[in-house]
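Here's the letter readout for the chains.
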Amino acid sequence: MVQPKLIIHGGAGSSLKGGKDAVRKSLFKVVEEVYALLCSGASAKDAVVKGAQLLEDDPRFNAGTGSVLQSDGHIRMSASLMDGFAQQFSGVINVSRVQNPILLAEFLQSSPDRVLSDFGSAELLRELSVPVYDPLTEQRLKEWIDERNHNFSREMANVVAEPAGTGTIGVVALDSEGRICAGTSTGGKGFERIGRVSDSAMPAGNYASAKAGVSCTGIGEHIIDECLAPRIVIRVGDGLSLAEAMERSFTEAGNNNRDFGAIALDNSGTIGWGKTSEVLLAAYHTGSEMGDTLELPDGVITGCR
Ligand code: ASP
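Residues numbered from 1 in each chain as written. Predicted model: local features only at pLDDT ≥ 70, side-chain atom pairs only at ≥ 80, totals over all residues. Heavy atoms only, no water.

Quick word on the overall build of the protein chain
As a reminder of what qualifies: Here a helix means four or more residues in a row that DSSP labels H or I, a strand means two or more in a row labelled E, and each is numbered from the N terminus. Residue contacts are defined here by distance: any two heavy atoms, one from each residue, within 4.5 Å place the two residues in contact. Charged residues are defined narrowly, with Lys and Arg counted positive, Asp and Glu counted negative, and His plus the chain ends left uncounted. The location of each charge is read from NZ of Lys, CZ of Arg, CG of Asp or CD of Glu.
Scanning the protein chain from terminus to terminus reveals 8 helices and 13 strands. Taken along its principal axes, the extent of the C-alpha atoms in the protein chain is 50 × 45 × 35 Å. For the protein chain, long-range pairs separated by at least 24 residues make up 68% of all intrachain contacts whose partners lie at least 6 apart in sequence. Each charge sign in the protein chain was given a centre, from 28 positive and 39 negative side chains, and these centres are 1 Å apart.

Regarding the site of the ligand
In plain terms, the rule: In this text, near means that some heavy atom of the residue lies within 4 Å of the molecule or strand in question. Throughout this description, a polar contact denotes any pair of N or O atoms lying within 3.5 Å of each other; where both atoms belong to protein, one of them has to be capable of donating a hydrogen while the other can accept it, and for residues adjacent in sequence the pair is counted only when both atoms sit in side chains. Note on areas: Shrake-Rupley with a 1.4 Å probe; residue coverage comes only from the protein chains shown. Each residue gets one of three labels, nonpolar for Ala, Val, Leu, Ile, Met, Phe, Trp, Tyr, Cys and Pro, charged for Asp, Glu, Lys and Arg, and polar for the others, Gly among them.
Not every one of the 10 residues close to the ligand is listed here, only the nearest: Thr168, Ser198, Asp199, Thr217 and Gly218. Between the ligand and Asp199, the relevant distance is 2.7 Å, taken from a nitrogen atom to a side-chain nitrogen or oxygen of the residue. Measuring from an oxygen atom of the ligand, one finds a side-chain N or O atom of Thr217 at 2.7 Å. Bound to the protein, the ligand loses 100% of the 270 Å² it would expose on its own. Split by residue class, the shell around the ligand holds 1 nonpolar, 6 polar and 3 charged.

Some remarks on the sheet that holds strand β1 (residues 5-13)
Just so we agree on the cut-off: The rule for pairing is simple: two strands pair if DSSP sees at least two bridges between them. Note on geometry: axes are C-alpha line fits, over the in-contact stretch for helices, and angles between N-to-C directions span 0 to 180 degrees.
Read from one edge to the other, the open sheet built from 8 strands follows the order β4-β3-β2-β6-β5-β1-β11-β12, with strand pairing classed as mixed. Edge positions in the sheet fall to β4 (115-116) and β12 (290-292), since each has one partner strand and no second. As paired elements, strand β11 (residues 279-285) and β12 share 3 bridges and run antiparallel to each other. Its bridge partner being in β12, Tyr284 is matched across the sheet by Gly291. Sheet strands touched by helix α1 (residues 20-39): β1, β5 (169-174), β11 and β12. Its angle to β1, the strand with the most contacts, is close to 155°.

Examining the sheet that holds strand β9 (residues 260-266)
One open sheet holds the 5 strands; their spatial order is β7-β8-β9-β10-β13, and the pairing between them is antiparallel. Edge strands, defined here as strands with exactly one partner in the open sheet, are β7 (206-208) and β13 (299-301). Each adjacent strand pair in this sheet contributes to an overall mean axis angle of 10°, direction not counted. Contacts from helix α7 (residues 228-237) reach β7, β8 (212-218) and β9, with the element oriented near 155° to β8. Of the strands in this sheet, β9, β10 (271-275) and β13 touch helix α8 (residues 242-255), which is tilted by about 165° from β9.

Description of the confidence of the model for the protein chain
Just so we agree on the cut-off: A residue's pLDDT is simply how confident the predictor is in it, with values from 0 to 100.
The predicted model of the protein chain averages 93 in pLDDT, with 94% of residues at 70 or higher. Contacts for the low-pLDDT stretch residues 161-165, under 50 throughout, to residues beyond four places or in other chains number 15 contacts.

Let's talk about the side chain of Ser198
Mapped onto the elements of the fold, Ser198 is located in the loop between β6 (180-186) and β7. The contact partners of Ser198, leaving out residues within four places of it in the chain, are Ser78 and Thr186.

As structure tokens, this is what we get:
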């Protein structure tokens, strides 16, 4: 039996002026519930789906309910799931009017066509008779209207700065049988051009193997340029420790002026996080303790299985 491990994130960005306690509370609530699930024998995949669903349902985060609006005022969400045990990726890109995009990614794990874009995702929703759902919140609408008044001059929505507080979500889990899964879900950068594709529904932003799993957050274009999640996962597969793989990848990212963060774990039970951005909103459970990275530098917690 392996000691389960869990790490989740609620985005990365440039500032978190206040409200740390509220963010912590939201993250810890999910960590507690999902870690209990892992302890009761749930698979890493089921735990990741549940964790992502809970985070999507929390309006604080830019995924599912509370997603940011794109330049045309519409919400288009993306989510993916990478089962490191089955070595299988699935995802949906720019799906609208659904409560939990991660559930579509889960459904697609057992489909021969595993990544769907907007049109295909809408067809799938119809086929599955998923109820229509509006993920819009007052806060996000207000941000969009404010931004429109400034002619969309900002590059990205205020996903981390207070008071809206926080961004894209991700979950990486190691289950009691040693299997790893990673899931990521987002409303995107906010205010982006129609049809822009987020890293969150690409392996670049969400990847896992039998040995390690990574979920990324931050500027998607930077994550794609570094091919961040596979870069870390493959380095671990090639024999680097998770700490070394993270450190090397984030040093390179820093040299390239990237703006992002990532959470990770490996099959020895080590949990890690890294960032080039100012803050990474992540929380974890090691089996003996729960913690968060809100005020921590980059690091790893070496595991025991
Ligand atoms: N990575 C996401 C995107 O670019 C945004 C985020 O993580 O906040 O779509």
